[in-house]
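# Summary of structural features
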Amino acid sequence: MDDVTIYHNPACGTSRNTLGLIRNAGIEPNIIEYLKTPPDRTTLLSLVEAMAVPVRDVVRTKEALYGELGLADADDKALIAAMLRHPVLINRPIVVTARGTKLCRPSEHVLDILPQPQRGAFNKEDGEPVVDAAGNRIA
């Protein structure tokens, strides 16, 4: 089975939905609860590079600490340092597979990189259908 890793926060609905979609494909991922086991500098930088997104896209700008630390005008170096000191500022979930690395917001973005198809219907926690009974993504 292909290796899948999720940087997960079990308190986050989007993260839980993403984990559910991974499991709906028959995959038991490596789960890293990044608030308990934060990535080191090298890992965080490699995740950002693999996602090919600006550093700012990986920061939780809605987190109160973002404003308290005055990060709105911070450069990439300061943003990385802030995320390393305060992992709650890392946006989630981040999923790593052989097919790519992606910030899965919304959760259905994970479908683009899963190495196996969905095995059946999947609804988000709020009831929104994402995958039909045949395992096909619902537009």
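Just above, that's the structure.
Below: a short report on this structure. None of the values given here were measured: they were computed from a predicted structure.

### Looking at the sheet that holds strand 4 (residues 100–103)
Within the open sheet, the four strands sit side by side as 2-1-3-4. Their pairing is mixed. The open sheet has two edge strands, strand 2 (30–33) and strand 4, and neither has a second partner. On average, each strand axis in the sheet is tilted by 15° relative to the strand beside it, whichever way the strands run. As paired elements, strand 3 (residues 94–97) and strand 4 share four bridges and run antiparallel to each other. When the bridges of strand 4 are listed, V96 appears paired with T101. Most of the contacts of helix 1 (residues 13–24) go to strand 1 (residues 5–8), to which it runs at about 160°, and overall it touches strand 1, strand 2 and strand 3.

### Some thoughts on the environment of D73
With respect to the helices and strands, the residue D73 is situated in the loop between helix 3 (64–68) and helix 4 (76–85). Judged by its relative accessible area of 78%, D73 falls in the exposed class. Along the backbone, D73 and T18 are 55 residues apart, and their C-alpha atoms lie at a distance of 31 Å.

### Let's talk about helix 1
Relative to the 16 Å expected for twelve residues at 1.5 Å per residue, helix 1 spans 16 Å between its end C-alpha atoms, a close match to the ideal helical length. Inspection of helix 1 places S15, N17, T18, L19, L21, I22 and N24 among the buried residues, and these make up the whole buried set. Those residues of helix 1 that are buried lie in contact with strand 1, strand 2, strand 3, strand 5 (122–123) and strand 6 (129–131). Of the residues flanking the end of helix 1, it is G26, one or two places downstream, whose phi is positive at about 80°.

### So, the packing of helix 2 (residues 41–51) against helix 4
At their nearest, the axes of helix 2 and helix 4 sit 10 Å apart, and the two run at 125° to each other. Accordingly, the angle class assigned to the pair helix 2 and helix 4 is oblique. For the element pair helix 2 and helix 4, the recorded crossing hand is right-handed. Taken together, the residues of helix 4 that come into contact with helix 2 (itself represented by R41, L44 and L45) are I80, M83 and L84. Looking at the contact of helix 2 with helix 4, its residues break down into five nonpolar, no polar and one charged.

### With respect to the pattern of salt bridges
Close approach of charged atoms allows side chains with opposite charge to pair. In the structure shown here, the tally under the stated rule is seven salt bridges. Among the salt bridges present, the one from E63 reaches R60, with a minimum N-O distance of 3.8 Å. Linked through salt bridges whose partners overlap, the residues forming this network are E108, K124 and E128.

### Considering helix 4
An α-helix turns once per 3.6 residues; consequently, residues spaced three or four apart project the same way. Listing the buried residues of helix 4 in full gives L79, I80, A82 and M83. Projected down its long axis, helix 4 carries its buried residues within an arc of 160°, all on one side. Counted as exposed and oriented over 90 degrees from the buried face of helix 4: K77 and R85. On its buried face, helix 4 sits against helix 2.

Each value, and the rule that gives it
Residues numbered from 1 in each chain as written. Predicted model: local features only at pLDDT ≥ 70, side-chain atom pairs only at ≥ 80, totals over all residues. Heavy atoms only, no water. Pairing = 2+ DSSP bridges. Helix = DSSP H or I, 4+ residues; strand = E, 2+ residues; numbered from the N terminus. Axes fitted to C-alpha atoms, helices over the stretch in contact; angles between N-to-C directions. Contact = heavy atoms within 4.5 Å. Buried < 20%, exposed > 50% of the residue type's maximum accessible area, 1.4 Å probe, protein only. Expected span 1.5 Å × (residues − 1). Parallel < 35°, antiparallel > 145°, perpendicular 65-115°, else oblique. Left-handed = near helix turned anticlockwise from the far one by under 90°. Nonpolar A, V, L, I, M, F, W, Y, C, P; charged D, E, K, R; others polar. Salt bridge = Lys/Arg side-chain N within 4 Å of Asp/Glu carboxyl O. Arc of directions from axis to C-beta.

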